[in-house]
Structures are given as C-alpha cells and as structure tokens.
Amino acid sequence: MAYLGPAATFNQQALLSQPDLAALDARPLPTIGDVLAATAAGDVDLGLVPIENAIEGSVTVTLDMLAFELDLLIQREIVIDVSLNLLGVRGARLEDVREVTSIGVATAQCRRFIIEHLPGAVVTAANSTAEAAQRVAKDGDPSVAAIGTALAAEVYGLDVLAPEVEDHPGNQTRFVLVAREGVPAPTGHDKSTVVVFQRADVPGSLLSILQEFAARAINLSKLESRPTKRGLGDYCFIIDLEGHVDDELVADCLRDLRSKQADVRFLGSYPAAGDHGPALRRENVAAWKAAEEWVAALRGQVRH
Ligand SMILES: O=C(O)C(=O)C[C@]1(C(=O)O)C=C[C@@H](O)C=C1
C-alpha cells in the first residue's frame, strides 16, 4: 500500500492505528496525488489519504481526484486526533521564527496562532507536515519552523517550539483507504459516498436531490459542492450518506438519483469510523420492505 510520507506524517499515524494495515508493506510517497495515482495505476493495491479536517474542512485535492479523475473506491475511513506542533532546529526560539512551513491544510489549522504569535512570518507550502520537518532539519536555519507531529520532532531531531498550535481543541482528521475495486460487505454501521451531477441549474435542483434522501429517511453526514471545472458556477455535489449500497433503501435512492439527475458517480460503501458509527435505521428498511410487499401484492391482483 501507499501513504503520504515521509516518516512521521499524520497519514502514517492513521495507517499505524489499523493493525491490519500496519502489517502490510507500506510505501511512503511525496504527495497526496502520488498516492492516489499509484493506486489507480496498480503500482499498489491500497492508498491512504486525508479527506477532511475538523478545522479546515475538505482536502480538495483528494475530493477532486476521487470525484473527477480516477476510478477508485473507498474501502474504509479512519479518523484520528490531530494535535499540531511548531517544530524548529535544536535551540531555536519562537521569537526567531520568520517562516512557517507545512502542508497547506496544516498551516490553515493554525492561522490564528501564526497571526498572534508569529506576526509577519511568511507561510510556505510543503507536500506534508513531515516533509516540512525534514526540510527544517536539513537546512538548519533557526528562522524557519515546521508545523507537524510530535513524532516528527523525534524522527528529524527537532525541538518543539510550541505544542498544540491548532486554533481549536478536539481537532481531528479523517482519512480514506482507497482501492481500484471492491465494496466491503455491510457491517450495519456504514457510509456511502456519491457525486451527483445535477441535470439542470434551475431553482430547486439541489432540493430535488436532497428529497430523494429525505423521502427514505437516509441521513447525510456530509454535503459538499465542488466546481465541475466546466465553467464558473457549474457545481456538483459530493455526498456522504449513512447506509450501504447493499441496503435496499440506499440502492433504491441511488436508482432514482441516477435516473433523474445528469450523472451519479459511486465512490464507495464502507464501514463508518468509530464504535458508534451511524447505525442503519433498521426500522426504515423494515417499513420499506413491508411497503414493497404491499405494492407487489396490489400489482399481483391486476388482470392482464
Ligand atoms: O502532512 C501530513 O502529516 C498529513 O498526514 C496530511 C494532513 C492533511 O492533509 O490533512 C493530515 C492531517 C492534518 O490535517 C494535516 C495534514
């Protein structure tokens, strides 16, 4: 499998949190795009990438590559706690820092800290938190600090100049494990991700999509609109819903969406993270099945 490296990224921590993945031969790659492309190309069977952060929101490169560019299916989601540290060379002081470097999603999680504690510091981009830490260690410049994991300080021989620099407590990042094919069996607390391209940009078109879910009491855990890249104002909707494509209700909902909207891309059904993931609303399924039997019985009486 492949993950966003080098050593000591949050991505690696997410991988190591899963005993079955930790036992695999895992290859660190330099960018999120590299991990997804290597998985799609068959260089590796599985790829692990970040998709959403509690403070910064979606990791758009992941969303866009999954939604528009590659044929990959989400196999699993992994949520880990994310506490960010300001890392500098040994002996560096906070007041010496003139440049802060990290992956954009990480610096964005510390925007207020940087403004308040490092006014005027230049923020530069790296491909990952660990790549930023590696660069700070290699250059040895006390005026440059990286934002990354506490482990990166140990791995790259850096000092923690300030711990917990994220702007909000309880920070978490959600990762997805992707593969070229296969949908994991339903567990009873699953999620599915779909991309819906609306038929026409007319009043109520988003409502018409949402009504398909509401009518079946399918709960949505995320709704994101993303530009289709076809022109300003042309958007599609990336939706995380509670349930599995193997569930009758979800399948029925997808069937209706597919027949009524311009296009629907299925990005996977997978176990929801956590012990208390969204439980499938069994009573909805039971009611739907009972209603289906009722309709079938009515239709069975038709004289042809
Ligand atoms: O750079 C890393 O360490 C990563 O694992 C990537 C990533 C992300 O892109 O969201 C993961 C968790 C944090 O939100 C910050 C960075």
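What you see is a predicted model, and the numbers here were worked out from it, not measured in a lab.

**Side note on the site of the ligand**
Here is step 1 of the chain: Taken together, the neighbourhood of the ligand is formed by 13 residues, with F10, N11, Q109, T129 and T173 sitting nearest.
Here is step 2 of the chain: T173 places a side-chain nitrogen or oxygen 2.8 Å from an oxygen atom of the ligand.
Here is step 3 of the chain: Starting from 360 Å² of accessible surface for the ligand in isolation, the protein chains cover 100%.
Here is step 4 of the chain: Those elements that provide at least two residues to the shell around the ligand are α1 (10-16), β3 (47-53) and β11 (172-179).
Here is step 5 of the chain: Class assignment of the residues belonging to the shell around the ligand gives a composition of six nonpolar, seven polar and no charged.

**Some remarks on the pattern of salt bridges**
Here is step 1 of the chain: Counting across every chain of the model gives 23 salt bridges.
Here is step 2 of the chain: Residue K191 is joined to E77 by a salt bridge in which the shortest nitrogen-to-oxygen separation is 3.1 Å. Taken as a pair, K191 in strand β12 (residues 190-197) and E77 in strand β5 (residues 73-81) lie far apart in primary sequence, 114 residues in all.
Here is step 3 of the chain: Several salt bridges share partner residues, and in doing so they unite E212, R216, D252, R255, D256 and K260 into one network.

**Let's talk about the layout of surface pockets**
Here is step 1 of the chain: In this structure, the largest pocket spans a volume of roughly 180 Å³.
Here is step 2 of the chain: Around the largest pocket, the lining is made up of 13 residues, and of these E52, E77, V79, R174 and K191 lie nearest the centre.
Here is step 3 of the chain: For the lining of the largest pocket, the secondary structure elements donating two or more residues are β3, β5, β11 and β13 (220-227).
Here is step 4 of the chain: Across the lining of the largest pocket, the residue classes break down as three nonpolar, four polar and six charged.
Here is step 5 of the chain: Inspection of the lining of the largest pocket shows a minimum of three residues originating in each of domain 1 (1-81 + 172-181) and domain 3 (183-304).

**Considerations on the sheet that holds strand β8 (residues 122-125)**
Here is step 1 of the chain: Here we have five strands laid out as an open sheet, ordered β8-β7-β9-β6-β10, and mixed in their pairing. At either end of the open sheet lies a strand with only one pairing partner, and these are β8 and β10 (159-162). Direction aside, neighbouring strands of the sheet carry axes that sit 35° apart on average.
Here is step 2 of the chain: Alignment of strand β6 (residues 85-88) against β10, held across three bridges, turns out to be antiparallel.

Rules of the game
- Residues numbered from 1 in each chain as written.
- Predicted model: local features only at pLDDT ≥ 70, side-chain atom pairs only at ≥ 80, totals over all residues.
- Heavy atoms only, no water.
- Near = heavy atom within 4 Å.
- Polar contact = N/O pair within 3.5 Å; in protein donor to acceptor, adjacent residues only side chain to side chain.
- Areas by Shrake-Rupley, 256 points an atom, 1.4 Å probe, with all protein chains shown as cover.
- Helix = DSSP H or I, 4+ residues; strand = E, 2+ residues; numbered from the N terminus.
- Nonpolar A, V, L, I, M, F, W, Y, C, P; charged D, E, K, R; others polar.
- Salt bridge = Lys/Arg side-chain N within 4 Å of Asp/Glu carboxyl O.
- 1 Å grid on protein atoms, 1.4 Å probe; cavity = no way out; pocket = protein on both sides within 12 Å on 5 of 7 lines; lining within 4 Å.
- Points joined across faces, edges and corners; volume = space filled by probe spheres on them.
- Domains from an automatic or database assignment.
- Pairing = 2+ DSSP bridges.
- Axes fitted to C-alpha atoms, helices over the stretch in contact; angles between N-to-C directions.

Worth remembering: the numbers are spatial, not functional.
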